[in-house]
Protein chains: 2
Amino acid sequence: MYDVTRGLRDGGTFLLNTIWEGEELAKNLPNKVKRYFAEHNITVYYINATRIAQEIGLGNRTNTILQSAFFRITEVIPVDLAVEQMKKFIVKSYGKKGQDVVDKNYAAVDRGGEYKKLDVDPAWASLPDDAVVANNDPEFINKVVRPINAQDGDLLPVSAFINDADGTWAQGTAKYEKRGVAAFVPEWDKDNCIQCNKCAYVCPHASIRPFVITPEELAAAPFGEDATIPAIGKTFTGMRFMQAVDVLDCLGCGNCVDVCPGKKGVKALAMKPLETQLDIQKNWDYCVDNVKSKASLVDVKANVKNSQFATPLFEFSGACSGCGETPYVKLITQLFGDREIVANATGCSSIYSGSVPSTPYTKDENGRGPAWANSLFEDFCEFGLGMNIANEKMRERLDAAMRGVLDCPVCSEEIKALATNWLDEKNDAAKSREIADKLVPLMEACGCDACKKVLELKHFLVKRSQWIIGGDGASYDIGFGGLDHVIASGKDVNILVLDTEVYSNTGGQASKATPIGAIAKFAAAGKRIRKKDLGLIATTYGYVYVAQIAMGADQAQTLKAIREAEAYDGPSLIIAYAPCINHGIKAGMGKAQQEEANAVACGYWQLWRYNPAAELEGKNPFTLDSKEPNWDAFEDFLKGEVRYASVMKQYPAEAQELFQAAKANAKWRYNNYRRLAQQQWGVDPEVETLENN
Amino acid sequence: MYDVTRGLRDGGTFLLNTIWEGEELAKNLPNKVKRYFAEHNITVYYINATRIAQEIGLGNRTNTILQSAFFRITEVIPVDLAVEQMKKFIVKSYGKKGQDVVDKNYAAVDRGGEYKKLDVDPAWASLPDDAVVANNDPEFINKVVRPINAQDGDLLPVSAFINDADGTWAQGTAKYEKRGVAAFVPEWDKDNCIQCNKCAYVCPHASIRPFVITPEELAAAPFGEDATIPAIGKTFTGMRFMQAVDVLDCLGCGNCVDVCPGKKGVKALAMKPLETQLDIQKNWDYCVDNVKSKASLVDVKANVKNSQFATPLFEFSGACSGCGETPYVKLITQLFGDREIVANATGCSSIYSGSVPSTPYTKDENGRGPAWANSLFEDFCEFGLGMNIANEKMRERLDAAMRGVLDCPVCSEEIKALATNWLDEKNDAAKSREIADKLVPLMEACGCDACKKVLELKHFLVKRSQWIIGGDGASYDIGFGGLDHVIASGKDVNILVLDTEVYSNTGGQASKATPIGAIAKFAAAGKRIRKKDLGLIATTYGYVYVAQIAMGADQAQTLKAIREAEAYDGPSLIIAYAPCINHGIKAGMGKAQQEEANAVACGYWQLWRYNPAAELEGKNPFTLDSKEPNWDAFEDFLKGEVRYASVMKQYPAEAQELFQAAKANAKWRYNNYRRLAQQQWGVDPEVETLENN
């Protein structure tokens, strides 16, 4: 993709990190590159730093290995001195993270010498040009997106952007990247699959999905029936099931494998080297392009399994492998994506949700998908409230236009009946969609002035689902004044807080969501004050739906909370626990979902919901969904994350006290929640008159 | 004070609003003015608009009467037309406030004709200059403050400000104004006084104060023993008591009279015309200048009575007559003023606390008083946090300097013992003061380098009391993000929210503190969403002291909450209910304290305290101080204030629903508080380890 030899001088040296060796490597290099090597007398080395890093236990961190190789090959300074200095700076950079991390990096320096030389064949100088691979991708992808991704964006003329001059950008460009960066990807073993779809539910990149295939669809597929299993479920009778993997978009985190319950203790997924799985990409490609969504055959909001039959409208983002945030963002698009509008705060979620030219938000087979825009840290909720108010105003106009239809001498009785129906049901998502689908073609056929007025506003016929998404930095700190103002407004917006307990995108600074005892930037000795209880704050209004969730701990509770929040006709706030690379999970980000489960099991995180709708029925609006934690596991949980474990190394004297305070605070929170859940609630006839205000 | 004839032309017309008539008026006019009248052939009219306004029931609103007089005298347009237009605009301006208000203004227009002509004696032309009244006031008052107050500030040269070029301004300049603007002031009837000091406690302008007078002080007084009564209290044996009134600084609200319990149902205070009370001003002047504070003979923090023996260090501000805010501000200066630092938000409190050249914050007889500065709406809490952190840092330096004394070969053992004592007790207000008072003279005498280093920082020897003061607009809305951040910090600051439930100083816009049903700007049809529960939000941190108070409802609870908040070693938030002219209290601002009592009695406002210190002892930190309200009185309370009553007039159809919602919300809040107060609390050994973080 990149022009990697650009700038390489005659007689220069080139080092390649690759999984191939010798002749196989030569075979896989493009002609253009080989010709350049021969024509310019280049000395070529290669190394499999990816494999070495894994062997050492550094995951995908190849930087130290490659740096070591660089010094050994170039000899810009004596190699001994280079090694000595690299090791000195390893202690400086990683000393705080423990001897283990230091030792691994030492090993990386030592193994940087494992490079080999590639013989450059002088005959390569006369190799022909590489064949151009034709594709059917949209012009915008080929002419704008790909050059930008190849770092040639500054060569594009203004005229290339002529269709996007208003600042809009096409949805769904991320799927054309097919980066293939995972060293290992899941392989589906159909015989052990129980079709629970938990793997798809947690996938941060939407690159494993269940497909339900009709006999007709199967007939044209590049795979046979034996690659599938009978789909479970009455409405799927006669259809086949495949859990397909998009190996080129998978980032190889392995959470799918980790959550797979399998059959009789044998998992239906296992991580395999990418190169062994490249041949199944065609299965994915066929399913995505040719197998129709079967979401309409089930109630997708009913349970976790069903939710995954809805096509994700957020896919292949640039989030980290194993990201704890994106599974929540993706799930919302599956439940409400065809009518979803998102106001996104600055932070990780704004970067992975829309970094030009890559847009992971996409459209369904009907061309419907979320509309997304990004504002700042400090006003993201107001930004979303503005969208909501604009929508309200436009629907007021639409309401007036629709009433015009009722008096129209031209419109048919059928149109009038539907118009009346719409006026009654316009705030019901499913019904407004159903009516709109019938009404628009009839009105287009009618063509009278009254119908034209409605059609001018047809984008507002379907009830929208307004979402406001931000991290804990935006929500607990910088944008909190606005968040508070917006929930106070009583307007029907849904706020999702992706709580990594730290400013993730800017490098891990402490926020008010950072718990006591955690190390973060600006809290280098471990934070000394408690985590803010943003959710409990929001409950004080009484008319705000609030939930704390952690997908890995309870997939069903997550689904229920998101469903209830969206259905509630008023402000909603969902605080979602999201493991992050900044936490330094010792088990790795492939265990992110398990880490969520551990967090709840030991009392570190709590699951609860506050539903104002319950109070109107005389019930306690507060429900504690977490079981009594196993407090004995609390300290082990902390020790499993570098952000806590490093306190022990750096401040051993205070670590015990901080850990104890962290546990005491978690207990204090849990006790608060338990007390709230146990409160007596009676029907007060006068309090019953309180509605959403 | 003002040069009122400046700009008046030869043969011009002059109208004076005055309580005097005819010859008495002539006698009271300065020679300078009379000479101007005679020399320039001025036609002079006068009217007692103040009396007329009172007779009509317009309080001190003389504007319509004087406007009517203006049109009648000048005949700039035909008088009939003027009257017609004035009445038309009265309906426009006040129609929403009810027919009663319209009728009163109609009467004002009609009675604007009750002016008389003053005969100008041609002999006045040769009157001599008025005698210059000598005074002993500071040069700064005579040379800077008075010219500015006389609207001659733009005539002052830069050099006049040479001592204040750094932006500081002298404290206590307000007392030199002696505006004498109250038509009626309280007269003390010693025979019915029980010395409870409730009058002084509620006075918004600190212009009624108890003095305890020794025989020596009495001997030199301009009044005899018969003007006093024996002071009640063991420590006052042999002394006399006087409740002195500063009739020239009193704004005549009458709250002192209203709260006076009197003896056997007969009040010890009654409002009398100012002119009948002018001769007692000398009593006040003598007491203020010559009677020493007896605060040291009692524990001023123990109870309401004692608190008033501490000299208020906030006096004679420009707040409205009957202001509900200033009694709280004043009380804090009485309890902590000698070591108080205030960060003040923009709003009424910033205007009345420091409008150049008038500074109501002042110093005690030892020259000690609050330091005050004002920042913006949106950062007032951060502003105060900055002061607190600066103070912490300076005290860290002082701590190091003090340790230097311990090792000093020159310092005496006495100094070293006191230094050790200070290091142990530096965070105890009383002890740090006591040690500082002994240490400073000894160190000044010693003069060694170690002592010099301490003396450079001697301002930080005494523990400070950091206050952050703002209105509901700043606290609930614009500065809320900062307020939240500051209380989250765990630092030892005290935030006082003066809750008028509306943006008072900018003209009555709705804030998130505005309750449902109230009319305000931007909520012209009555606010539709509930009042935000700022206090409950703050309790979610668990380490923030929080209280809701209303002085008029429970003077002792107010004192207790302020005392506990200041003593708590962590952040505190006090939300004080403050009646305001924007409420349109039908009984008048002289009933502001009674209105607070009514608000609590009917359940409109609730009194409670959340003390984290209690939780450390295994007790429920939440205490509900309000009794079960008489809900039947709720609607009458609303009808007693124009902000609610006008909803009935303007939106009769919705008023009942809004009032019901307001009552339901008040009940909902009260029920929440009651549930919190009734929660079971147990000692959890691990939770006990939680301290202020």
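Everything below is about the structure shown above.
Residues numbered from 1 in each chain as written. Chains lettered and ligands numbered in written order. Predicted model: local features only at pLDDT ≥ 70, side-chain atom pairs only at ≥ 80, totals over all residues. Heavy atoms only, no water.

1. Some details on the interface of chain A and chain B
Turning to step 1, where the next piece is worked out: Taken residue by residue, the interface counts 43 residues in chain A and 42 residues in chain B.
Turning to step 2, where the next piece is worked out: Here chain A and chain B share four salt bridges between them.
Turning to step 3, where the next piece is worked out: With a closest N to O distance of 3.7 Å, B:K512 and A:D484 form a salt bridge.
Turning to step 4, where the next piece is worked out: There are ten residue pairs in polar contact (both at pLDDT 80 or more) connecting chain A and chain B.
Turning to step 5, where the next piece is worked out: Among the elements of the structure, α21 (480-488), α22 (534-539) and α28 (652-678) of chain A are those that each provide at least two residues to the side of chain A that touches chain B.
Turning to step 6, where the next piece is worked out: Element by element, the count of residues in the side of chain A that touches chain B is highest for α28(A), at eleven residues.
Turning to step 7, where the next piece is worked out: Its residues assigned to classes, the side of chain A that touches chain B comprises 17 nonpolar, 13 polar and 13 charged. (Contact = heavy atoms within 4.5 Å. Salt bridge = Lys/Arg side-chain N within 4 Å of Asp/Glu carboxyl O. Polar contact = N/O pair within 3.5 Å; in protein donor to acceptor, adjacent residues only side chain to side chain. Helix = DSSP H or I, 4+ residues; strand = E, 2+ residues; numbered from the N terminus. Nonpolar A, V, L, I, M, F, W, Y, C, P; charged D, E, K, R; others polar.)

2. Focus on the environment of B:L313
All names here are of chain B.
Turning to step 1, where the next piece is worked out: Looking at where L313 falls in the secondary structure, it is placed in the loop between α13 (304-307) and α14 (326-336).
Turning to step 2, where the next piece is worked out: L313 gets classed as buried once you look at its relative accessible area, which sits at 2%.
Turning to step 3, where the next piece is worked out: Along the chain, L313 and G172 lie 141 residues apart, while their C-alpha atoms are 8.3 Å from each other.
Turning to step 4, where the next piece is worked out: Setting aside residues no more than four positions away along its own chain, L313 makes contact with T333, G337, D338, P360, Y361, T362, K363, D364, R368, G369 and P370. (Buried < 20%, exposed > 50% of the residue type's maximum accessible area, 1.4 Å probe, protein only.)

3. Re the sheet that holds strand β16 (residues 622-624) of chain A
Residues and elements named next belong to chain A.
Turning to step 1, where the next piece is worked out: An order of β10-β9-β11-β12-β14-β13-β15-β16 is seen for the eight strands of this open sheet, with the pairing classed as mixed. A single partner strand is all that each edge strand has here, and the edge strands are β10 (371-374) and β16. Sheet twist, expressed as the mean angle between neighbouring strand axes with direction ignored, is 15°.
Turning to step 2, where the next piece is worked out: Bridge analysis of strand β9 (residues 340-344) against strand β11 (residues 465-471) gives five bridges, and the strand direction is parallel. Across the sheet, residue V342 finds its bridge partner in β11, namely W467.
Turning to step 3, where the next piece is worked out: Of the strands in this sheet, β9, β11, β12 (494-499), β13 (545-549) and β14 (572-577) are in contact with helix α14 (residues 326-336), which crosses β12 at around 155°.
Turning to step 4, where the next piece is worked out: Contacts from helix α16 (residues 380-406) reach β9, β10, β11 and β12 within the one sheet, and its direction differs from that of β11 by about 170°. (Pairing = 2+ DSSP bridges. Axes fitted to C-alpha atoms, helices over the stretch in contact; angles between N-to-C directions.)

4. Re the relation of the copies chain A and chain B
Turning to step 1, where the next piece is worked out: Note on the copies: chain A fits chain B at an RMSD of 0.1 Å, the axial shift is 0.0 Å, and the rotation between them is 179°. The superposition operator between the copies reduces to a two-fold rotation axis. Rotation axis and chain A: the residue whose C-alpha lies nearest the axis is A:G481, separated from it by 2.1 Å. (Least-squares fit on C-alpha atoms with pLDDT ≥ 70 in both.)

5. Some remarks on empty space enclosed by the protein
Turning to step 1, where the next piece is worked out: Counted according to the given criterion, the structure contains 13 cavities of 30 Å³ or more.
Turning to step 2, where the next piece is worked out: In this structure, the largest cavity spans a volume of roughly 470 Å³.
Turning to step 3, where the next piece is worked out: As for the largest cavity, its lining consists of 28 residues, of which A:L536, A:L676, A:Q679, B:L536 and B:L676 are closest to the centre.
Turning to step 4, where the next piece is worked out: Elements with a contribution of two residues or more to the lining of the largest cavity: α22 and α28 of chain A together with α22 (534-539) and α28 (652-678) of chain B. (1 Å grid on protein atoms, 1.4 Å probe; cavity = no way out; pocket = protein on both sides within 12 Å on 5 of 7 lines; lining within 4 Å. Points joined across faces, edges and corners; volume = space filled by probe spheres on them.)

6. Regarding the pairing of strand β7 (residues 240-245) of chain A
Residues and elements named next belong to chain A.
Turning to step 1, where the next piece is worked out: Burial runs high along β7: six of the six residues are buried.
Turning to step 2, where the next piece is worked out: Taken together, the six bridges between strand β5 (residues 208-213) and β7 define a ladder with antiparallel strand orientation. Within the sheet, the bridge partner assigned to P210 lies in β7 and is Q243.
Turning to step 3, where the next piece is worked out: Of the strand pairs in this sheet, strand β6 (residues 229-230) and β7 are connected by two bridges, and their pairing is antiparallel. Bridging from a neighbouring strand, I229 pairs with F241 of β7.

7. Digging into the packing of aromatic side chains
Residues and elements named next belong to chain A.
Turning to step 1, where the next piece is worked out: Scanning all chains against the criterion turns up 53 aromatic pairs over all chains.
Turning to step 2, where the next piece is worked out: Ring centres 5.1 Å apart and planes at 70° place the aromatic pair F140 and W169 in the edge-to-face group. Taken together, the residues F140 in helix α7 (residues 139-149) and W169 in the loop between α7 and β4 (184-188) connect sequence positions 29 residues apart.
Turning to step 3, where the next piece is worked out: Assessed through its relative accessible area of 19%, F140 is described here as buried.
Turning to step 4, where the next piece is worked out: Members of the aromatic cluster, joined through ring pairs, are Y577, Y604, W605, W631, F634, F637, Y644 and Y670. (Phe/Tyr/Trp six-rings, centres within 6.5 Å; stacked < 30°, edge-to-face > 60°.)

Keep in mind these values describe shape, not function.
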